[in-house]
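In case you want the letters, here they are:
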Amino acid sequence: MAGSISGAELKRGFALQSRIVGALVLREMRTRFGERRFGYAWALLEPLVQIGILSGMFFLTGARPPLGNSFETFFLTGFIAFTFFRDPAVQATNSITANRALLSFPPVRNMDTVWARIVLEVVTNVAALCFVVLIFIVLEIPVAPNDPLRVAFGLLSMTVLGAGFGIFNAILSTFVRSWAMFFGWFMRIQYFTTGIFFIPESLPPLAAHYLKWNPSLQGTVIVREGFYNGYKSTLLIEYLPFAAGISLALLGLVIERLYRRRVSKL
Amino acid sequence: MIRFENVTKRYRLKSGVKTILENASFEIPRGRSLGVLGVNGAGKSTLLRLVSGNELPDRGRISRDGVSISWPLGFAGSFHGSLSGRDNLKFACRVYSRDVATVTDFVQSFAELGAHLDEPVNTYSSGMKARLAFGLSMAFNFDVYLVDEITAVGDARFKAKCAAMFTDKLEKSDIIMVSHSMATLAEYCSVGCVLSDGRLEFYDSIDDAIAVYNSLMKDQP
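The paragraphs below set out a description of the structure included in this document. Fair warning: this is a prediction, and the values are worked out from it, not measured in the lab. (Residues numbered from 1 in each chain as written. Chains lettered and ligands numbered in written order. Predicted model: local features only at pLDDT ≥ 70, side-chain atom pairs only at ≥ 80, totals over all residues. Heavy atoms only, no water.)

**Describing the overall build of chain B**
Okay, so step 1: A count of helices and strands for chain B gives seven helices and eight strands.
Okay, so step 2: For chain B, the C-alpha radius of gyration of 18 Å lies close to 17 Å, the compact-globule estimate for 221 residues.
Okay, so step 3: Viewed in the frame of its principal axes, chain B has a C-alpha envelope of about 50 × 35 × 35 Å.
Okay, so step 4: Accessible area for chain B stands at about 9,900 Å²; split by element, carbon and sulfur atoms hold 50% of it.
Okay, so step 5: Taking the average location of the 26 positive side-chain charges in chain B and that of its 26 negative ones, the two points are 5 Å from each other. (Helix = DSSP H or I, 4+ residues; strand = E, 2+ residues; numbered from the N terminus. Rg over C-alpha atoms; globule rule 2.2 N^0.38 Å. Areas by Shrake-Rupley, 256 points an atom, 1.4 Å probe, with all protein chains shown as cover. Lys, Arg positive; Asp, Glu negative; His and termini not counted. Charge placed at Lys NZ, Arg CZ, Asp CG, Glu CD.)

**Section: the packing of aromatic side chains**
Residue and element names in this part refer to chain A.
Okay, so step 1: A full pass over the atoms with the stated rule returns 35 aromatic pairs over all chains.
Okay, so step 2: The interplanar angle of 65 degrees and the centroid separation of 6.4 Å between the aromatic rings of Phe82 and Phe85 together place this pair among those described as edge-to-face. Taken together, the residues span about one helical turn, with Phe82 and Phe85 both in helix α3 (residues 71–93) at a distance of three residues. With respect to burial, Phe82 and Phe85 carry one shared label: buried.
Okay, so step 3: The interplanar angle of 40 degrees and the centroid separation of 5.6 Å between the aromatic rings of Phe165 and Phe183 together place this pair among those described as tilted. (Phe/Tyr/Trp six-rings, centres within 6.5 Å; stacked < 30°, edge-to-face > 60°. Buried < 20%, exposed > 50% of the residue type's maximum accessible area, 1.4 Å probe, protein only.)

**A look at the nonpolar core**
Okay, so step 1: In this structure, Val108 of chain A together with Leu37, Leu132, Leu136 and Phe140 of chain B are the most contacted members of the largest nonpolar core, which totals 112 residues.
Okay, so step 2: Beyond its immediate chain neighbours, meaning those up to four positions away, Leu136 of chain B contacts Phe105 of chain A together with Trp71, Phe79, Leu89, Ala92, Val103 and Val107 of chain B.
Okay, so step 3: Formed by 27 residues, the second largest nonpolar core is a distinct cluster that contains Leu50, Leu146, Cys193 and Leu195 of chain B. (Core = buried A, V, L, I, M, F, W, Y, C linked by side-chain atoms within 4.5 Å. Contact = heavy atoms within 4.5 Å.)

**A closer look at the sheet that holds strand β8 (residues 199–203) of chain B**
Residues and elements named next belong to chain B.
Okay, so step 1: A sheet is described by the order of its strands in space; here five strands give the open sequence β5-β6-β3-β7-β8, paired in mixed fashion. Each edge of the sheet is formed by a strand with only one pairing partner; in this case those strands are β5 (144–148) and β8. With direction set aside, neighbouring strand axes in the sheet form an average angle of 20 degrees.
Okay, so step 2: Relative to β8, strand β7 (residues 191–196) runs antiparallel, the two being bridged by five bridges. Across the sheet, residue Ser196 finds its bridge partner in β8, namely Arg199.
Okay, so step 3: In the packing of helix α7 (residues 206–219) onto the sheet, contacts are made with β3 (34–37), β7 and β8, and the angle to β7 comes to roughly 25 degrees. (Pairing = 2+ DSSP bridges. Axes fitted to C-alpha atoms, helices over the stretch in contact; angles between N-to-C directions.)

**As for the environment of Leu45 of chain A**
Okay, so step 1: Here Leu45 of chain A shows up in helix α2 (residues 39–61).
Okay, so step 2: The spatial distance from the C-alpha of Leu45 of chain A to the C-alpha of Leu129 of chain A is 10.0 Å, given a sequence separation of 84 residues.

**As for helix α4 (residues 126–139) of chain B**
Residue and element names in this part refer to chain B.
Okay, so step 1: Across its 14 residues, α4 extends 20 Å between first and last C-alpha, which sits within 8% of the 20 Å expected from 1.5 Å per residue.
Okay, so step 2: By the criterion of burial, α4 is predominantly enclosed, with 10 of the 14 residues buried.
Okay, so step 3: Taken as a whole, α4 has its buried residues at Met128, Arg131, Leu132, Ala133, Phe134, Gly135, Leu136, Ser137, Met138 and Ala139.
Okay, so step 4: Looking at the packing, one finds that the buried side of α4 touches α2 (85–95), α3 (100–111), β5 and α5 (156–169). (Expected span 1.5 Å × (residues − 1).)

**A look at the sheet that holds strand β2 (residues 16–28) of chain B**
Residues and elements named next belong to chain B.
Okay, so step 1: In spatial order, the strands read β2-β1-β4; together these three strands make up an open sheet with antiparallel pairing. Bordering the open sheet on either side are β2 and β4 (59–63), each of which pairs with just one other strand. Within the sheet, the average angular offset between the axes of one strand and its neighbour, ignoring direction, is 25 degrees.
Okay, so step 2: Each of β1 (2–13), β2 and β4 touches helix α1 (residues 44–52); the most contacted strand, β1, lies at about 130 degrees to it.

**Things to note about the interface of chain A and chain B**
You'll often see interface size given as the accessible area lost when the parts meet.
Okay, so step 1: Taken together, the contacts link 25 residues of chain A with 30 residues of chain B.
Okay, so step 2: Between chain A and chain B, the buried area comes to about 2,400 Å², and carbon and sulfur atoms account for 57% of it.
Okay, so step 3: Here chain A is connected to chain B by one salt bridge.
Okay, so step 4: Linking Asp87 of chain B and Arg30 of chain A is a salt bridge whose minimum nitrogen-to-oxygen distance equals 3.2 Å.
Okay, so step 5: In this structure, the connection of chain A to chain B is made through three residue pairs in polar contact (both at pLDDT 80 or more).
Okay, so step 6: Elements with a minimum of two residues in the side of chain A that touches chain B: α1 (7–34) and α9 (240–263) of chain A.
Okay, so step 7: Here the element with the most residues in the side of chain A that touches chain B is α1 of chain A; it accounts for eight residues. (Buried area = accessible area lost by both parts, 1.4 Å probe. Salt bridge = Lys/Arg side-chain N within 4 Å of Asp/Glu carboxyl O. Polar contact = N/O pair within 3.5 Å; in protein donor to acceptor, adjacent residues only side chain to side chain.)

**Overview of the packing of α3 of chain A against helix α4 (residues 110–138) of chain A**
Residue and element names in this part refer to chain A.
Okay, so step 1: Following both chains from N to C, one finds α3 and α4 inclined at 165 degrees, their axes separated by 8 Å at the closest point. With respect to their mutual orientation, α3 and α4 come out roughly antiparallel. α3 and α4 meet at a crossing whose hand is right-handed. For the pair formed by α3 and α4, the contact residues are Glu72, Thr73, Leu76, Ile80, Thr83, Phe84, Asp87, Pro88, Gln91 and Ala92 on the first element and Val114, Arg117, Ile118, Glu121, Asn125, Val126, Leu129, Val132 and Phe136 on the second.
Okay, so step 2: In terms of residue class, the contact of α3 with α4 is made up of 11 nonpolar, four polar and four charged. (Parallel < 35°, antiparallel > 145°, perpendicular 65-115°, else oblique. Left-handed = near helix turned anticlockwise from the far one by under 90°. Nonpolar A, V, L, I, M, F, W, Y, C, P; charged D, E, K, R; others polar.)

The following block contains the structure:
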């Protein structure tokens, strides 16, 4: 595209694209959650089920949680942080390849479907978080964070990381068909390395030395630093989830820019 | 005005590179309907998809100057199978910022789907899908309609209804049409162009374009 773009043009383009992303979000809600009766209910219940199972298992071992006194609370912080990373990443991965049909409306761009899925996942995750917190309050399990802003900052870092993966995956999937499968394996490993079950300080030094470079583990650490009074990680690399997420997103967007003319829309 | 400036479009196929347009500059005239001719594989459908913006050129620029252009009609691929016809209409209205109620009313009376409008689209017959798609595009009042080998849908009465609607549209809108039927092109189009070897040649009358196309066909092995 040659020539410069005026501010008014940019504004108009942005308004158009956000309207289309909005339309896609509403449509995704219908197709993702509408046809299965328990679709949205499961999205809200999954953290509770996971936390319940994990807490039960660890309770039986007789161990004590690495932070605080409650396994439920420890897994809540870990698993919620994990979903903020996992969901945008996984759901955005096949957003372009699965939406070929609606891309035949010329105003709908490939990237709009990616943004729509990310927006929907963030909204869903926030709703699930509120639901879990409500249940914890009802059950009188400790759930009040020491520093809510720092918790929010940690969840933001996980969202940026997840969105970065999602954008990168969505674009790579249009070239490499089996990419979604490889990413599935990667996420299964991440379930164990994100720090749902542990804090990096309690790992053997060698494991901690390498695992601290896992961006999603750092996001979990930030969330727990905000949640637990007195927890300051000695292994914190605060910029890592942001840097990784933004780099992946930029890499994906550059690939899209370079190849959009060749791949274009189908 | 739809303007192509130095547009190049190629396809990489297993058998080599196929050139659709080579550094082509032209304006598509408004106010008259255009028939696009060319031998099989010349890239007529790709040309329509470049005009609509479904596809981007390898090089060059296509400007549309606020002219509203339809998606290439003739296939019903834009619908989500698990959503109802009504929800699909809603989505399209949001994308094109049209009034949902007006469009739904129009399509409901035109496409004759009755209660099926609230059923998922993947339960529709291909004829029903085509009627929904055709009705939707007619409801949107585009400045330019792109028609890719429109296949007549439904029974004789419905075909007549479509033809009448189409003729009606021609009063205010232009059509850019790809068809293998010379009779159809001659019926709807006044001017023509022939796509061949990466070049697009315009003719002031559709009959001239058809004559050139016929001589091209004779040269084909």
